[in-house]
Amino acid sequence: MFVKVYKYRIKPDREQEYVEIQKAAESIYERFVDKQSVHLKSKEDDSTWMEIHWYKDEPTYDQAVQLINEQEELQQLYREFMDILVSEENVLEENYLQVLRSRS
């Protein structure tokens with residue numbers, strides 16, 4: 001599986017907006033691609049968040065993201081998201097391949 005990881009800091013008083021933006025973005029993504037996502041909030045720093053998204057493979061992600069990024073709705077959500085960040089410079093984006101998954 002192909003995995004996208006994002007880490008960033010949200011302005012403390014904008015958490016509810018963050019949740020609403022993410023819900024709206026997920027509804028757009030699900031029209032174009034099958035994926036699983038999780039959003040994590042740091043226990044040490046309330047402003048630090050992480051998103052992890054699992055896709056079937058990288059070509060699936062690449063094809064879908066081209067279509068998704070053309071959606072005006074998503075472009076507006078992205079602008080709103082950038083507005084709630086503490087700093088745009090501190091956004092971390094990484095790519096991974098899932099090697100092992102265990103269930104307990």
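Refer to the preceding data block for the structure.
Residues numbered from 1 in each chain as written. Predicted model: local features only at pLDDT ≥ 70, side-chain atom pairs only at ≥ 80, totals over all residues. Heavy atoms only, no water.

K.L.:
Talk me through the nonpolar core; I want residue IDs and the actual numbers.
P.N.:
Tyr-8, Ile-10, Tyr-18, Tyr-29, Ile-68, Leu-74 and Phe-81 are the most contacted members of the largest nonpolar core, which totals 22 residues. Elements with a minimum of two residues in this core: strand E1 (2–9), helix H1 (15–29), strand E3 (48–55), helix H2 (58–69) and helix H3 (72–84). Excluding residues that lie within four positions of it along the chain, Tyr-18 makes contacts with Tyr-8, Ile-10, His-39, Trp-49, Glu-51, Phe-81 and Ile-84. (Core = buried A, V, L, I, M, F, W, Y, C linked by side-chain atoms within 4.5 Å. Buried < 20%, exposed > 50% of the residue type's maximum accessible area, 1.4 Å probe, protein only. Helix = DSSP H or I, 4+ residues; strand = E, 2+ residues; numbered from the N terminus. Contact = heavy atoms within 4.5 Å.)

K.L.:
An account of the pairing of E1 is requested, with residue identities and associated values reported.
P.N.:
Counting buried positions along E1 yields six of eight residues, so the element is predominantly enclosed. Where E1 lies against E3, eight bridges are found, and the strand directions are antiparallel. Residue Tyr-6 lies in a different strand from E3, and its bridge partner there is Glu-51. (Pairing = 2+ DSSP bridges.)

K.L.:
Give a detailed account of the pattern of salt bridges, specifying residues and quantitative values.
P.N.:
With the rule as written, the count across this model stands at eight salt bridges. The closest approach of N and O atoms between Glu-93 and Lys-4, which form a salt bridge, is 2.5 Å. Of this pair, Glu-93 sits in strand E4 (residues 92–97) while Lys-4 sits in strand E1; the two residues are 89 residues apart in sequence, bridging distant segments of the chain. Taking relative accessible area as the criterion, Glu-93 reaches 48% and is therefore assigned partly exposed. Between Glu-17 and Arg-14 there is a salt bridge; the shortest N-O distance is 2.5 Å. In this structure, a network of salt bridges that share partners links the residues Arg-14, Glu-17 and Asp-83. (Salt bridge = Lys/Arg side-chain N within 4 Å of Asp/Glu carboxyl O.)

K.L.:
How would you summarise H1 if you had to cite specific residues and measurements?
P.N.:
The first and last C-alpha atoms of H1 sit 21 Å apart over 15 residues, in line with the 21 Å expected at 1.5 Å per residue. Turning to H1, its buried residues are Tyr-18, Ile-21, Gln-22, Ala-25, Ile-28 and Tyr-29. Down the axis, H1 shows its buried residues gathered within 115° of arc, on one side only. Residues of H1 that are exposed and point over 90 degrees away from its buried face: Gln-16 and Lys-23. Buried residues along H1 sit against E1, strand E2 (35–41), E3, H2 and H3. (Expected span 1.5 Å × (residues − 1). Arc of directions from axis to C-beta.)

K.L.:
Explain the layout of surface pockets to me, using residue names and the numbers behind them.
P.N.:
Approximately 600 Å³ is the volume attributed to the largest pocket. Lining the largest pocket we find 23 residues, and of these Tyr-6, Tyr-29, Glu-51, Tyr-78 and Phe-81 sit closest to its centre. If you list the elements that add at least two residues to the lining of the largest pocket, you get E1, H1, E3, H2 and H3. Ranked by residues supplied to the lining of the largest pocket, first place goes to H3 with six residues. Here the lining of the largest pocket is built from residues that sort into 14 nonpolar, four polar and five charged. (1 Å grid on protein atoms, 1.4 Å probe; cavity = no way out; pocket = protein on both sides within 12 Å on 5 of 7 lines; lining within 4 Å. Points joined across faces, edges and corners; volume = space filled by probe spheres on them. Nonpolar A, V, L, I, M, F, W, Y, C, P; charged D, E, K, R; others polar.)

K.L.:
So what about the packing of H1 against H3? Which residues, and what values?
P.N.:
Between H1 and H3, the least distance of the axes is 10 Å, while the angle of their chain directions is 155°. Taken together, the axis directions place H1 and H3 in an arrangement best described as roughly antiparallel. H1 and H3 meet at a crossing whose hand is left-handed. Across the interface between the two elements, Glu-17, Tyr-18, Ile-21, Gln-22, Ala-24, Ala-25, Ile-28 and Tyr-29 of H1 pack against Glu-73, Leu-74, Leu-77, Glu-80, Phe-81 and Ile-84 of H3. Residue classes in the contact of H1 with H3 are distributed as ten nonpolar, one polar and three charged. (Axes fitted to C-alpha atoms, helices over the stretch in contact; angles between N-to-C directions. Parallel < 35°, antiparallel > 145°, perpendicular 65-115°, else oblique. Left-handed = near helix turned anticlockwise from the far one by under 90°.)

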